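Residues per chain are reported as follows:
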Amino acid sequence: MSSAATVSADPGPEPSPVDLLRRLRARSAGDPVTHVERVPARAGVPAPWPSWAPAELRAAFARRGVVAPWRHQAEAATLAYDGGHVVVATGTASGKSLAYQLPSLATLLADPRATVLYLAPTKALAADQLRAVAGLELEGVRPACYDGDTPRAEREWIRRHSRFVLTNPDMLHHGILPGHAQWSGFLRRLAYVVIDECHTYRGVFGSHVAHVLRRLRRQCARFGAAPVFVLASATSGDPATAAGRLTGLPVTAVTEDASPRGGVTFALWEPPLLPPDSSATSSVAPAQAAGGHDDVPDLIQVRRSALRETADLLADTVAEGVRTLAFVRSRKGAEVVAANARRALDEAVPGLGKRVAAYRGGYLREERRELERALLHGDLLGLASTNALELGVDLIGLDAVLICGYPGTRASLWQQAGRAGRSGQEALAVLVARDDPLDTYLIHHPEAIFGAPVEATVLDPANPYVLAPQLACAAVEAPLTPADLALFGDGAKEAVDELVAAGALRQRPTGWYWRHRERPEVDLRGEGGAPVCVVESATGRLLGTVDGGSSHFLLHPGAVYLHQGVSYVVDELDLADGCALVHVEEPDWSTHARDVTDLSVVSVRSYVDAGPVGMFLGEVDVTSQVVSYQRRRIATGEVIDTRPLDLPTRELRTVAVWFTLSPQSLATAGVQAPDVPGALHAAEHAAIGLLPLMATCDRWDIGGLSTAVHPDTEAPTVFVYDGHPGGAGFAERAYGTASAWLRATRDAIAECGCETGCPSCVQSPKCGNGNNPLSKPDAIRVLDVVLTNLPS
């Protein structure tokens, strides 16, 4: 920790955000801050309670300190109470929960038979909302959480007696809708469906959830109910259209935020370059060592790991007595940040490290609940979290938020930054840039963060790889009828015909019937199968879970797996049984899986002929396999060895965007034939890294491939494809914004300070070829050719 020498057990009065930032900057070598944005405080605009709000409910809110609603809360609540579907899309801590609690609870008090279904994307958020509703102490509401953690003994009581059920889309899909007969009483009286944090339902997950909601509407209609949908969203582009696509209903948006807001000091922080003889290249970030820095000039270009930098900042803020939440993009990263911060604090003040912990999905229920309680009560001062805590969990009194790496969208960035200052006080937010093209671009183009509108949510319910399995689920619940097909939208009839041809459905005069005994297995999150359990070999103890799609990378034999700061090494991965056996070990190396990819073009949907350049959108088949992993020395990033793996191949039909260039245009631009592979490869990496600027995705949602001559295009080609079956809408977005996307890509490469390419511009942490070959200057020439010829 940079401040170890000055830490004391009694840090004294808490510094202001400006003072805290000044101290943090002073402890760093050089000045890592590239920009400071002052987000001013804002006064609130209250509104009178709606005339329909019962006195009992107003009194309950008053006991909680709510004297009157803000204007946007009253507007959204009245629209919903009058029977309109509504989405309230305002900033973090703007009180969106009151906008749906007010009409739904007023209805429950007026009609003793009415029910409400609340959907949250995470268990933590549902638990927080349960505390809020139960805390109102309204007679007869009987709120209850119904999720995978709910004991079976309680489930029957909830189905029969709870009138405000809080759950998540997975439980609605796997539990409530398949058991709709047991839920008939609840569904028959359903008055409201609340969809919290609806901006998180994007890509393949969002497309699946859209059809789960249509299945819910279908079952309600069978029981004679037509509930009102009330959605809550972070500030997002065109929330009414996104909410309408999600629900299949016309939705009115309320977007004028009338709540008060404390001022935020928002700093953009770039970790410093490491000296060539540094022994601390990176103990925590795979990107820095990717590609093997074999000579001194390349070593000069490596930046300090964002994870290491965030860990030091977390330790510094905790030492100052500042309650801090650090958002880290990966489970492993959250564990490492917490472990490094604890170690630094304990070195300065023994025992202080106990006030820092990690929080992520995959923990057991008891661990999650205890961490939430400890942070709420101040037992913990620092928490390193994945986005499991990004959403509306109401953590009062947080003073600072550290964001380790751009979270992929401006919506998520502001959602995470909004965790600080939730009681209206001044707060500090710091975005720590990773060694990544997008992060580098953003911290040197602050207008792209602070002056740009928030992205629109991208989802595609017509994706046949989503639509067909969801129609199969619907057919199990009740035979499909022609009227149902209109509910499920474009492509439904074609998907049903394919299911009939495949023998999954049988057509009869009364509809289409499911033909099998077992239900179809459908993973809403499109993560490549059921979760893999991580089990300690010696004790049989379940440590946690990893989604099936990530298991090849995170749980391959020999992989290092972190849980609550403890390091384990994987002995065996049994994909058939969904189990990985691990043992405790503290190796001095980290592991990094590598894969190989092949791609073939299936069809072209659309294209632009721009002379020597072609831009295409279409379907592709992708075959990939994790074939080996590198072991790298933790202290230096040195590659120890590369070990082979024998894991099955994975096949994916998806949607891609790709561009081709004529060999003559490349030669004219100065790209020599031997340098074409490195030029295309570097352009591909940077383009993948910058696509999240245009679409609500991150680089791990998408993949790429480049080649000097592709057999299907017969030309130098760069492909970027959606990493989900059938696509997720990201490639379409890239095709539609191609000029702006590739212009930002070109600028990010050209403005990077390195000479030959680095993780901040053209190196990729997920490259299966070890970032070789790469040519930074030739990548700029390639993109210049594309941008010169492509229509804007």
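Up top is the structure these notes are about.
Definitions and limits used
- Residues numbered from 1 in each chain as written.
- Predicted model: local features only at pLDDT ≥ 70, side-chain atom pairs only at ≥ 80, totals over all residues.
- Heavy atoms only, no water.
- Helix = DSSP H or I, 4+ residues; strand = E, 2+ residues; numbered from the N terminus.
- Rg over C-alpha atoms; globule rule 2.2 N^0.38 Å.
- Buried < 20%, exposed > 50% of the residue type's maximum accessible area, 1.4 Å probe, protein only.
- Contact = heavy atoms within 4.5 Å.
- Salt bridge = Lys/Arg side-chain N within 4 Å of Asp/Glu carboxyl O.
- Pairing = 2+ DSSP bridges.
- Axes fitted to C-alpha atoms, helices over the stretch in contact; angles between N-to-C directions.
- Phe/Tyr/Trp six-rings, centres within 6.5 Å; stacked < 30°, edge-to-face > 60°.
- Core = buried A, V, L, I, M, F, W, Y, C linked by side-chain atoms within 4.5 Å.
- Arc of directions from axis to C-beta.

Caption draft 1: The overall build of the protein, seen in detail. Assigned secondary structure in the protein consists of 27 helices and 27 strands. Here the C-alpha atoms of the protein give a radius of gyration of 26 Å, agreeing with the 28 Å that 2.2 N^0.38 yields for 792 residues. If you line up the protein on its principal axes, its C-alpha atoms span 75 × 70 × 55 Å. Looking at the protein as a whole, 59% of its 792 residues qualify as buried. Nonlocal contacts in the protein, meaning residues at least 24 apart in sequence, comprise 73% of its contacts between residues at least 6 apart.

Caption draft 2: Focus on the pattern of salt bridges. Scanning all chains against the criterion turns up 26 salt bridges. Between Asp 257 and Arg 42 there is a salt bridge, with the nearest N and O atoms lying 3.3 Å from each other. In this pair, Asp 257 sits in the loop between β8 (252-254) and β9 (264-269) while Arg 42 sits in the loop between β1 (33-39) and α2 (55-63), placing the two residues 215 residues apart along the sequence. With a shortest N-O distance of 2.6 Å, Glu 309 and Arg 304 are connected by a salt bridge. Just as Glu 309 is buried, Arg 304 falls in that class too. Beyond isolated ion pairs, a larger network of salt bridges with shared partners links Arg 23, Arg 27 and Glu 320.

Caption draft 3: Geometry of the environment of Lys 354. Among the secondary structure elements, Lys 354 is positioned in the loop between α14 (331-348) and β11 (356-359). Judged by its relative accessible area of 68%, Lys 354 falls in the exposed class. Residues Lys 354 and Leu 380 lie 26 residues apart in sequence; the distance between their C-alpha atoms is 7.7 Å. Excluding anything up to four places from it in sequence, Lys 354 contacts Asp 346 and Leu 380.

Caption draft 4: Summary view of the sheet that holds strand β3 (residues 115-119). Overall, parallel pairing links the seven strands, which are arranged β4-β5-β3-β6-β7-β2-β8 in an open sheet. Of all the strands in the sheet, the pair left with one neighbour each is β4 (143-145) and β8. Taking each pair of neighbouring strands and ignoring which way they run, the sheet shows an average axis angle of 20°. Relative to strand β6 (residues 190-195), β3 runs parallel, the two being bridged by five bridges. From the neighbouring strand, Val 116 faces β6, where its bridge partner is Tyr 192. Contacts from helix α4 (residues 96-110) reach β2 (86-89), β3, β5 (164-167), β6 and β7 (228-233), with the element oriented near 170° to β6. Packed onto the sheet, helix α9 (residues 203-222) meets β3, β6 and β7 and runs at close to 175° relative to β6.

Caption draft 5: Molecular detail of the sheet that holds strand β14 (residues 427-432). Taken in spatial order, the seven strands of this open sheet run β1-β9-β14-β13-β10-β12-β11, and their pairing is mixed. Every other strand in the sheet has two partners, leaving β1 and β11 as the edge strands with one partner each. Averaged over all neighbouring strand pairs, the angle between strand axes comes to 15°, with direction disregarded. As defined by bridge partners, β1 adjoins β9 across six bridges and the pair is classed as antiparallel. Its bridge partner lying in β9, Val 39 is registered against Val 264. Here helix α13 (residues 306-319) sits on the sheet and contacts β9, β10 (324-328), β11, β12 (382-385), β13 (400-404) and β14; the angle it forms with β13, its principal contact strand, is near 170°.

Caption draft 6: A look at the packing of aromatic side chains. Under the defined criterion, the tally for this structure stands at twelve aromatic pairs. Aromatic pair Phe 616 and Trp 658: ring centres 5.6 Å apart, planes at 10°, arrangement stacked. Here Phe 616 is found in strand β23 (residues 613-633), whereas its partner Trp 658 is found in strand β25 (residues 650-661), with 42 residues between them in sequence. In this pair, the class of Phe 616 matches that of Trp 658, namely buried. For the pair Trp 658 and Phe 719, a centre-to-centre distance of 5.4 Å together with 40° between the ring planes defines the contact as tilted.

Caption draft 7: Fine view of the side chain of Thr 660. Here Thr 660 is to be found in strand β25. In this structure, Thr 660 is in contact with Pro 612, Val 613, Gly 614, Phe 616, Thr 713, Ala 715, Pro 716 and Thr 717, ignoring residues within four places of it in sequence.

Caption draft 8: Structural detail: the nonpolar core. Membership of the largest hydrophobic core comes to 86 residues, with the highest contact counts inside it found for Phe 266, Trp 741 and Leu 742. If sequence neighbours within four positions are ignored, Leu 742 has contacts with Met 615, Phe 659, Ala 687, Leu 783, Val 786 and Leu 787. Ala 99, Leu 125, Val 141 and Tyr 192 belong to the second-largest nonpolar core, a separate cluster that totals 38 residues.

Caption draft 9: Local environment of α2. Buried within α2 we find Leu 57, Ala 60 and Phe 61. Taken around the axis of α2, the buried residues stretch over an arc of 95°, which confines them to a single face. Exposed residues on α2 whose side chains face more than 90 degrees from its buried face are Ala 55 and Arg 63. Packed against the buried residues of α2 are α4. The positive-phi residue at the C-terminal boundary of α2 is Gly 65, with phi of around 95°.

Caption draft 10: A look at the pairing of strand β27 (residues 717-722). Across the six residues of β27, six count as buried, placing the element largely inside the fold. The pairing of strand β26 (residues 702-707) with β27 spans six bridges and is antiparallel. Paired with Leu 705 across the two strands is Phe 719, which belongs to β27.

Caption draft 11: Representation of the side chain of His 556 within the structure. Relative to the elements of secondary structure, His 556 occurs in the loop between α22 (548-554) and β19 (560-563). The residues contacting His 556, other than those within four sequence positions of it, are Ser 551, Val 570, Leu 573, Thr 591, Ala 593, Tyr 629, Leu 645 and Leu 647.

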